[in-house]
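Geometric and topological summary
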Amino acid sequence: RFPRGLRLFRPIAELVRRLQREGFDVWVVTASPRYCVVPFAERIGIPPERVIGITPLVRRGRFTAQLIPPITYREGKVIAIEKVIGRLPRLTVGDTTTDFEMLEATHASGGLAILLDRGDPAVRRHAERSGWAIQPRWSPEGS
């Protein structure tokens, strides 16, 4: 059995709920299609308007091949955050190379950047060199 697709990880869901209880405005910024991520975000209490992701233009009720900018990939995540939210976050959590620019922007502005270690040594080394916090890897089984 091979896990595929989008999955909710219990530690992330718990972190989101805790941050919300503490008064944080929690957003999801993803390079995945926004329409695919919204249902998962809603399951952990993040409203659709707080999900920023790749969004196709819709014409006459149908998706088109045209994407609405900014494209939330790498530096596009930072552009989207500034455009939609209007400010850089004080806390950013990411888990892959496509989050580097977003994590760096938060770190450079004095915020806390956290890498979720998914077991890629090169990604971890980059986070260590960049001075980001690192959440050790956990097993998704049972999440």
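These notes cover the structure that comes with them. This is a predicted model, so every value here is computed, not measured. (Residues numbered from 1 in each chain as written. Predicted model: local features only at pLDDT ≥ 70, side-chain atom pairs only at ≥ 80, totals over all residues. Heavy atoms only, no water.)

**Focus: the packing of aromatic side chains**
Throughout the structure, instances matching the rule amount to two aromatic pairs. Centre to centre, the rings of Y35 and F63 are 5.1 Å apart; their planes meet at 45°, and the pair counts as tilted. Of this pair, Y35 sits in helix α2 (residues 34-43) while F63 sits in strand β4 (residues 62-67); the two residues are 28 residues apart in sequence, bridging distant segments of the chain. Exposure remark for Y35: the relative accessible area of 40% places this residue in the partly exposed category. Looking at R34, its charged tip hangs above the ring of Y35, at a distance of 6.0 Å from the centre. (Phe/Tyr/Trp six-rings, centres within 6.5 Å; stacked < 30°, edge-to-face > 60°. Helix = DSSP H or I, 4+ residues; strand = E, 2+ residues; numbered from the N terminus. Buried < 20%, exposed > 50% of the residue type's maximum accessible area, 1.4 Å probe, protein only. Lys NZ or Arg CZ within 6 Å of the ring centre and 35° of its normal.)

**Quick word on helix α1 (residues 10-21)**
The terminal C-alpha atoms of α1 lie 16 Å apart, and with 12 residues this matches the ideal 16 Å at 1.5 Å per residue to within 8%. Along α1, the residues that are buried comprise A13, V16 and L19. Considered in projection along α1, the buried side chains sweep an arc of 130° and stay on one side of the axis. A positive phi of about 95° marks G23, the residue just after α1. (Expected span 1.5 Å × (residues − 1). Arc of directions from axis to C-beta.)

**Side note on the environment of T72**
If you trace the backbone, T72 turns up in the loop between β4 and α3 (75-84). Expressed as a C-alpha distance, the spacing of T72 and A122, which sit 50 residues apart in the sequence, is 22 Å. At a separation of 2.6 Å, a polar atom in the side chain of T72 contacts the main-chain carbonyl oxygen of T30. A distance of 3.2 Å separates the side chain of T72 from the backbone nitrogen of I54, its partner in a polar contact. (Polar contact = N/O pair within 3.5 Å; in protein donor to acceptor, adjacent residues only side chain to side chain.)

**A closer look at the layout of surface pockets**
Space inside the largest pocket adds up to approximately 1,300 Å³. Contributions of two or more residues to the lining of the largest pocket are made by α1, β1 (28-33), α2, α3 and β5 (91-94). In the lining of the largest pocket, the residues fall into 27 nonpolar, seven polar and eight charged. (1 Å grid on protein atoms, 1.4 Å probe; cavity = no way out; pocket = protein on both sides within 12 Å on 5 of 7 lines; lining within 4 Å. Points joined across faces, edges and corners; volume = space filled by probe spheres on them. Nonpolar A, V, L, I, M, F, W, Y, C, P; charged D, E, K, R; others polar.)

**Remarks on the side chain of D117**
Inspection of the secondary structure assignment puts D117 in the loop between β6 (112-116) and α5 (121-130). Under the relative-accessibility criterion, D117 is labelled buried at 11%. Polar contacts involving the side chain of D117 include one to the side chain of R124, which spans 2.8 Å. If sequence neighbours within four positions are ignored, D117 has contacts with R124, I134, Q135, P136 and R137. (Contact = heavy atoms within 4.5 Å.)

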